[in-house]
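Structural characterization, general
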Amino acid sequence: TKLERSILDEAAVGLLQMGDRIYGGFGHAPKFPNASNLMFLLRYYDISAINRFRDFVIFTADKMAEGGIHDHLGGGFARYATDQKWLVPHFEKMLYDNALLSQMYAELYQITKAEPYMHVIRKTLDYVIREMTHPDGGLYSAQDADSEGEEGKFYLWKKNEIESVIDDENVTNIFCEHYGVTQGGNFEGKNILNVRVPIITLAKKYNKTPEQIAQILRDASTKLFAAREERVKPGRDEKILTSWNGLMISGFARGYSVSGDTKYLQAAKNAVNFIENKLASNDGHLKRTFKDGQSKLNAYLEDYAFYVGGLLDLFAANSKQEYLDKSIKYTDFMLQHFWDDKEGNLFFTSDDHEQLISRTKNFYDLAMPSGNSMAASNLLRLYHYTQNNSYLDRAVRIMKAGSQSAAENPFGFGQMLNSIYLYVKKPIEIAVFSSDDNSNTNNSSLVAWLNRQFLPGSIIAIVHPSELAKLQYYPFFKGREAEGGRETAFVCKDFTCSLPIRSIEELERQLIPS
């Protein structure tokens, strides 16, 4: 099979046909977020310029953000909805969903620049920092559905509770109308908050501006959140998995890129430090899991692939040599110990793993991507930074092994399709040499502009002066610098590079075809 555009065409059309036109998402009940599939549709929109692929993702993302699957007070998303319309969640919250969804909403923010998406991203990432973070920076796996032996108890409200907490009749009415709160409730006599009446409608009805209504809702939510914090919290699974931490490092890195908020960059770095200190050894060996002070089990393929993916996303946002060096070290270890040369893809376990009867493989990208799919895109990205052809060859073999299945069954291969997209699109390489460390927080900088564009077919590096000398060893950075101490960008495609670029207008001309 050739890796060509037609694979993406067939998959995208097939996937969109499976979409639920009434409530968004895929299938009936139970309904899962399926972030990788939605991100593939955004990439297909990028390569095809056909709006309906983007519009379906926007529709789905809005329905999920309005639904009960989204924790409106505390941020974060539950694992799935038990119904077709995202109202009644299975109240468990998983780290990996919140990692993938924060990336998806970041991409929607880049496409639309719509403030509600930024709000969702921040609430989700703040939730992970607040509830799911070990004191040393690693990230816990999950929060249970139950508290005090009852499912969802922590999240549910009786209307009279809300009235007494808010203690203002007008505000209570606005809040309850917006979030569909009734005396009878929508779940076993209580209320799951979900957006029923839009702000604009409430503004007309209560003779206020939309901004005033939004502020009233924010203030009321703050009060209710504080009241909810007094409740017994759901149990927490305090296992720290290398794989899921890798996904969340990506979520934090992407959140930092679009928001410019350095606390997300710091959260990503803290998680990397945790893995390096507690789960990694110098020769490239990783452990899979850490709990109660102990790390154990040899890492699986997905631990390597997702962690390297996180390191590469962090490198794209903040190009420090150590992140690229580590990506290469773990990738080389993975290729040495997991590669199956016969079939041109990767085993689930390493050749030095505890002996299993047979070495299995896993190709499906379902709630989470598969290790093979993620490894393929990592290898492609590393090829662009290093020009090491063996990375490209391995990536192509993995994608060829998966391309037929991905075209025929796109639902199970979202991340594989994202990798094939990157290959077919022929990435643009963009390097920005910045003059200081705060460039992403300064809105007039090239870095801040670049980070807020949707450029999924690009390989990006943002290099601060202190790192440049260390990165010169890699072909991507050779002989380049911020000339005259000013921010300077270079854009390369098919090994042909632009002259130095110093203005946003010029960068936009290079990257966004008119």
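It should be noted that the structure appears before, not after, this text.
Before going into details, it helps to say that this report is about the structure given with it. Quick caveat: nothing in here was measured; it's all calculated off a predicted structure.

Considering the layout of surface pockets
In this model, the largest pocket occupies a volume close to 980 Å³. Elements with a contribution of two residues or more to the lining of the largest pocket: helix H3 (51-66), helix H5 (115-131) and helix H9 (210-229). No other element matches the 9 residues that H5 contributes to the lining of the largest pocket. Looking at the lining of the largest pocket, its residues break down into 13 nonpolar, 8 polar and 7 charged. Taken together, 19 residues form the lining of the second largest pocket, with Asp-46, Phe-454, Leu-455, Ile-512 and Pro-513 sitting closest to its centre. Among the secondary structure elements, those contributing two or more residues to the lining of the second largest pocket are helix H2 (35-48), helix H4 (95-112) and helix H16 (414-425). The residue inventory of the lining of the second largest pocket, partitioned by class, reads 11 nonpolar, 5 polar and 3 charged.

Description of the sheet that holds strand S4 (residues 142-143)
In space, the 3 strands of this open sheet follow the order S3-S4-S7, with antiparallel pairing throughout. Looking at strand neighbours, the two that pair on one side only are strand S3 (93-94) and strand S7 (236-237), the edges of this open sheet. In this structure, S3 lies alongside S4, joined through 2 bridges in antiparallel fashion. Opposite Met-94, over in S4, you have Ala-142 as the bridge partner.

Considering the state of the cysteines
Summed over the entire model, instances satisfying the criterion amount to 1 disulfide. Two residues share a disulfide in this structure: Cys-492 and Cys-497, whose sulfurs sit 2.1 Å from each other. Classification of the bridge connecting Cys-492 and Cys-497 rests on its S-S torsion, roughly 110 degrees, and on that basis the disulfide is right-handed. A residue is classified by how much of its surface remains accessible, and Cys-492, at 3% relative accessible area, is buried. You can call Cys-497 partly exposed: its relative accessible area is 41%.

The rules behind these values
Residues numbered from 1 in each chain as written. Predicted model: local features only at pLDDT ≥ 70, side-chain atom pairs only at ≥ 80, totals over all residues. Heavy atoms only, no water. 1 Å grid on protein atoms, 1.4 Å probe; cavity = no way out; pocket = protein on both sides within 12 Å on 5 of 7 lines; lining within 4 Å. Points joined across faces, edges and corners; volume = space filled by probe spheres on them. Helix = DSSP H or I, 4+ residues; strand = E, 2+ residues; numbered from the N terminus. Nonpolar A, V, L, I, M, F, W, Y, C, P; charged D, E, K, R; others polar. Pairing = 2+ DSSP bridges. Disulfide = S-S within 2.5 Å. Buried < 20%, exposed > 50% of the residue type's maximum accessible area, 1.4 Å probe, protein only.

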